[in-house]
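# Structural features, examined
One letter stands for each residue in the lines below.
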Amino acid sequence: MIKRFFFFLLCFSSGLAGPVFAQKICPFKGHIDFVKKELRLDVQTGHQEAVSLNIVQASPDNYQLHLSLDHLRFPGFDISTQLQSLFSVVVDQKRRLALRGAVLSQYTLINYKPVQELSGNFRIKDRVLFLESVSLGGVTAQGTVELSAPFKVNLSMGLSNIPMSDFLKFWGADEHVRSQGEVNGDIRIQGAIDNPLLRGSFTTLDGMVQDLAYDTIVLNVEGVYPLMQVKKSSVAKSDGMTFNLEGTFDLANREHFSNQIAALKKLPVVSQDHSTLEWTLKRHNEEDQSKTTEFKYFLRKANNNATTAPKETSDLLGVERSIHF
């Protein structure tokens, strides 16, 4: 069984050594001890980046895995962790190998800060990784990842109270962007891992991004990586101004993230019927926060029905002012 498992692991590793890693050569060293039934692999992925893998057979069908990640870098993130897993290897009637197990992490740091540890269950069969409610730092994921080219994914991820700073880094923001608040929502990832289709819906309350203080942000994004479309999104600023967001931004163009966000269209929220178009601006009195001054602007359309005598021959712009306590 141990030899068949290591053969499976070798095939799995060679499957990963496809186009995803074709542009980077990583020195490594490994050791297999068939007497002690142990495998060790060390990979140097960068100047400070390293991955160490150790697998030991605990019983005829069960194995213990220890995976160490030191400063592994992803776009916007530096990850260090110690992963522990106990899994079993089974052979079906067609003599195909499959794995099933659980995984836990310790001492996890993301961008040098501790986060909630990873936990969850997984299966590997026919070169497909099945994630079953795997969670890490407020993110819960479930779905599948194919372990051979083109490495297709079908993942659903839920976000719970994610710091705004980490949320912005995921989309390409610089780490020096000032922000406060937490984000909740979900994102769906489907397709080849190098250009998947992303669909996300997110909400955040009572926060700040740079000079923008907000009561509520509702964000909906969709697109094939790296081009994302923002639509049906809105921002309610702390001063009462509400506007819709729409436009496109490029996740691969991380150097100009701020400029891309600034270029999104910001359209004042309006309501209308067949004869009137109106929108509202609110201003809080700085001396008395309990009092709000509200300005309502309306545009009354001209009656252009030729069969009746028009009461108004041109559009009328008006302003209403009210004070609320």
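What follows covers the pairing of strand β16 (residues 227-237). The side chains of a regular strand alternate between both faces of the sheet. Alignment of strand β15 (residues 212-224) against β16, held across 6 bridges, turns out to be antiparallel. Across the sheet, residue V218 finds its bridge partner in β16, namely S234. Where β15 folds back onto β16 in an antiparallel hairpin, the turn is made up of 2 residues. Here β16 pairs with strand β17 (residues 242-250) via 8 bridges, running antiparallel. Residue pairing in the sheet places Q229 in a bridge with T248 of β17.

What follows deals with the packing of aromatic side chains. For the coordinates displayed, the defined rule picks out 5 aromatic pairs. Taken together, a centroid distance of 5.7 Å and an interplanar angle of 20 degrees make the contact between Y63 and F87 stacked. Taken together, the residues Y63 in strand β4 (residues 62-74) and F87 in strand β5 (residues 77-91) connect sequence positions 24 residues apart. Owing to a relative accessible area of 3%, F87 belongs among the buried residues under this scheme. Seen in terms of ring centroids, W171 and F202 are 6.0 Å apart; in terms of plane orientation they differ by 75 degrees. Their pairing is edge-to-face. On the criterion of sequence distance, the pair formed by W171 in the loop between α2 (164-170) and β12 (179-180) and F202 in strand β14 (residues 197-209) is long-range, its members being 31 residues apart. Three or more aromatic residues link up through ring pairs in this structure, and these residues are F167, W171, F202 and F249.

Direction of pairing for strand β3 (residues 50-59) relative to β4: antiparallel, over a ladder of 9 bridges. Bridge pairing links V56 to Q64 in β4. Two successive antiparallel strands, β3 and β4, enclose a turn made up of 2 residues. When β4 meets β5, the two strands line up antiparallel, connected through 11 bridges. When the bridges of β5 are listed, F74 appears paired with F77.

As a further point, take the confidence of the model for the protein. For the protein, the mean per-residue pLDDT works out to 78, and 74% of the residues sit at or above 70. Here residues 1-23 scores under 50 on pLDDT; set against residues more than four positions off or in separate chains, the count is 40 contacts. When the criterion is pLDDT under 50, residues 306-325 qualifies, and its contacts beyond four places in sequence or with other chains add up to 43 contacts.

The next subject is the pattern of salt bridges. Here the structure, examined in full by the defined rule, presents 5 salt bridges. With a shortest N-O distance of 3.0 Å, E132 and R123 are connected by a salt bridge. Accessibility expressed as a relative area gives 30% for E132, which makes it partly exposed. Residues participating in the shared-partner salt-bridge network are R199, E222 and K231.

Moving on, we come to unusual backbone geometry. The residue after A149, namely P150, is reached through a cis peptide bond having omega 5 degrees. One can find P150 in the loop between β10 (139-146) and β11 (152-163). Between Y225 and the following residue, P226, the backbone shows a cis peptide bond with an omega angle of 10 degrees. The phi dihedral of Y107 is positive, around 55 degrees, even though this residue is not glycine.

How each quantity is defined
Starting from 1, residues in each chain are numbered consecutively following that chain's sequence as written. For a predicted model such as this one, the threshold for reporting local features is a pLDDT of at least 70, and the threshold for listing and counting side-chain atom pairs is 80 or more; totals across whole chains, interfaces and linings nevertheless cover every residue. Side-chain measures here rest on the full set of heavy atoms in the structure, leaving out hydrogens and waters. We treat two strands as partners when DSSP finds at least two bridges between them. Each helix is a run of H or I in the DSSP string that is no shorter than four residues. Each strand is a run of E no shorter than two, and both are numbered from the N terminus. Note on ring pairs: Phe, Tyr and Trp rings are taken, using the six-membered ring of Trp, and paired if centres are within 6.5 Å. Classes follow the plane angle, with under 30 degrees stacked, over 60 edge-to-face and the rest tilted. When accessible area is computed with a 1.4 Å probe and restricted to protein chains, residues below 20% of their type maximum are described as buried, those above 50% as exposed, and intermediate ones as partly exposed. The predictor attaches a confidence to each residue, called pLDDT, with possible values from 0 through 100. Between two residues, a contact is recorded if the distance between any of their heavy atoms is within 4.5 Å. One side-chain nitrogen of Lys or Arg within 4 Å of one carboxyl oxygen of Asp or Glu is enough to make a salt bridge.

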